Amino acid sequence: MRELLISAKNGDNNAKEKIIKMYYPLIVKEAKNIFINGRSFEDLIQIGIVNLLNAINKFDINKNVSSFSSYALWSIKNGFRYLCRSEIRYNDELSLNKPNDDGLELEESIIDDKTNVETTVLQDIIYENLYLALEKLDNEEKELIEFLFIKNERPNLTKYCKEYNKDYYYASCLKKRALKKLNNFLINILQ
């Protein structure tokens, strides 16, 4: 690598091309993380190559040659950062294409095809109104509605009567009264 760097610093285009081929995948990887309005992907690749060539010219060959890889990496990254900072005042767009730790792009993590926003909002409104309606019931009515429809999967009035030691006819009338109150309250809200 030392001879290759010396040749490239002395103007040998073949040596420069070999170094560019070695670092080309890194340049592509870094360029994929950037979006600048008015710049194509190919433009960004060319800018990355220019940053690499600058790193070759500025690298002190008397230092440890194995440190060139990290020097080149930071030169490429810092060149892209500088470009973004200098272009940001002229661009008002943000890239949603930068992958996160899970490999998903930001736009993919924002959009959830399984969730219908309209349905979610309507459900939230219904639950809120239902909660307000339940608060209008007296304690015994609320206890019955919660037992039959919230706490148990299968509404069973007989089970309620046994557990709370209530008469079946009384529990049946209590259920009708509570459901009628809920119905009237929800109808008034929706009008």
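For the structure itself, consult the block above.
The following refers to the structure shown. Keep in mind that what you see is a predicted model, and the values were worked out from it rather than measured.

Concerning the nonpolar core
Of all hydrophobic cores here, the largest spans 25 residues; its most connected members are Ile19, Tyr23, Leu44, Leu52, Phe68 and Phe80. With eight residues, the single largest contributor to this core is helix 2 (residues 13-32). Of all hydrophobic cores here, the second largest spans eight residues; its members include Phe147, Leu148, Cys161 and Leu174.

Examining the packing of helix 3 (residues 41-58) against helix 4 (residues 68-87)
The geometry of helix 3 relative to helix 4 is characterised by a closest axis approach of 9 Å and an angle of 135 degrees between their N-to-C directions. One way to sum up the angle between helix 3 and helix 4 is to call them oblique. Helix 4 is crossed by helix 3, and the crossing has right-handed handedness. Facing helix 3, whose interface residues are Leu44, Ile47, Gly48, Asn51, Leu52, Ala55, Ile56 and Lys58, helix 4 presents Phe68, Tyr71, Ala72, Ser75, Ile76, Gly79, Phe80 and Leu83. In the contact of helix 3 with helix 4, the residues fall into 11 nonpolar, four polar and one charged.

Thoughts on unusual backbone geometry
In this model, Asn165 sits at a positive phi of 55 degrees, which is unusual for a non-glycine residue. With respect to the helices and strands, Asn165 occurs in the loop between helix 8 (157-164) and helix 9 (168-190).

A word on the pattern of salt bridges
In a structure, side chains of opposite charge can pair up when their charged atoms sit close to one another. Applying the stated criterion across every chain yields a total of five salt bridges. Its salt-bridge partner being Lys142, residue Glu135 comes within 3.7 Å of it at the nearest N-O pair. Glu141 serves as the salt-bridge partner of Arg177, at 2.5 Å between the closest nitrogen and oxygen. With Arg177 in helix 9 and Glu141 in helix 7 (residues 139-151), the pair connects residues that are 36 residues apart, well separated along the chain. Residue class for Arg177 comes out partly exposed when judged on its relative accessible area of 38%.

Comments concerning the packing of aromatic side chains
Applying the stated criterion across every chain, the model contains three aromatic pairs. Between Tyr160 and Tyr164, the aromatic rings sit 4.8 Å apart at their centres with planes inclined by 35 degrees, giving tilted as the arrangement. Placement of the pair is Tyr160 and Tyr164 together in helix 8, with a separation of four residues, close to one helical turn. Accessibility expressed as a relative area gives 0% for Tyr160, which makes it buried. An aromatic cluster is built from Phe147, Tyr160 and Tyr164, whose rings are joined through pairwise contacts.

Quick word on the environment of Lys159
Within the secondary structure, Lys159 is located in helix 8. On the basis of relative accessibility, which here comes to 43%, the residue Lys159 falls in the partly exposed class. Sequence separation between Lys159 and Phe147 is 12 residues; the distance between their C-alpha atoms is 9.5 Å. Among all residues touching Lys159, those that are not within four sequence positions of it are Phe147 and Asn152.

About the thresholds
Residues numbered from 1 in each chain as written. Predicted model: local features only at pLDDT ≥ 70, side-chain atom pairs only at ≥ 80, totals over all residues. Heavy atoms only, no water. Core = buried A, V, L, I, M, F, W, Y, C linked by side-chain atoms within 4.5 Å. Buried < 20%, exposed > 50% of the residue type's maximum accessible area, 1.4 Å probe, protein only. Helix = DSSP H or I, 4+ residues; strand = E, 2+ residues; numbered from the N terminus. Axes fitted to C-alpha atoms, helices over the stretch in contact; angles between N-to-C directions. Parallel < 35°, antiparallel > 145°, perpendicular 65-115°, else oblique. Left-handed = near helix turned anticlockwise from the far one by under 90°. Contact = heavy atoms within 4.5 Å. Nonpolar A, V, L, I, M, F, W, Y, C, P; charged D, E, K, R; others polar. Salt bridge = Lys/Arg side-chain N within 4 Å of Asp/Glu carboxyl O. Phe/Tyr/Trp six-rings, centres within 6.5 Å; stacked < 30°, edge-to-face > 60°.

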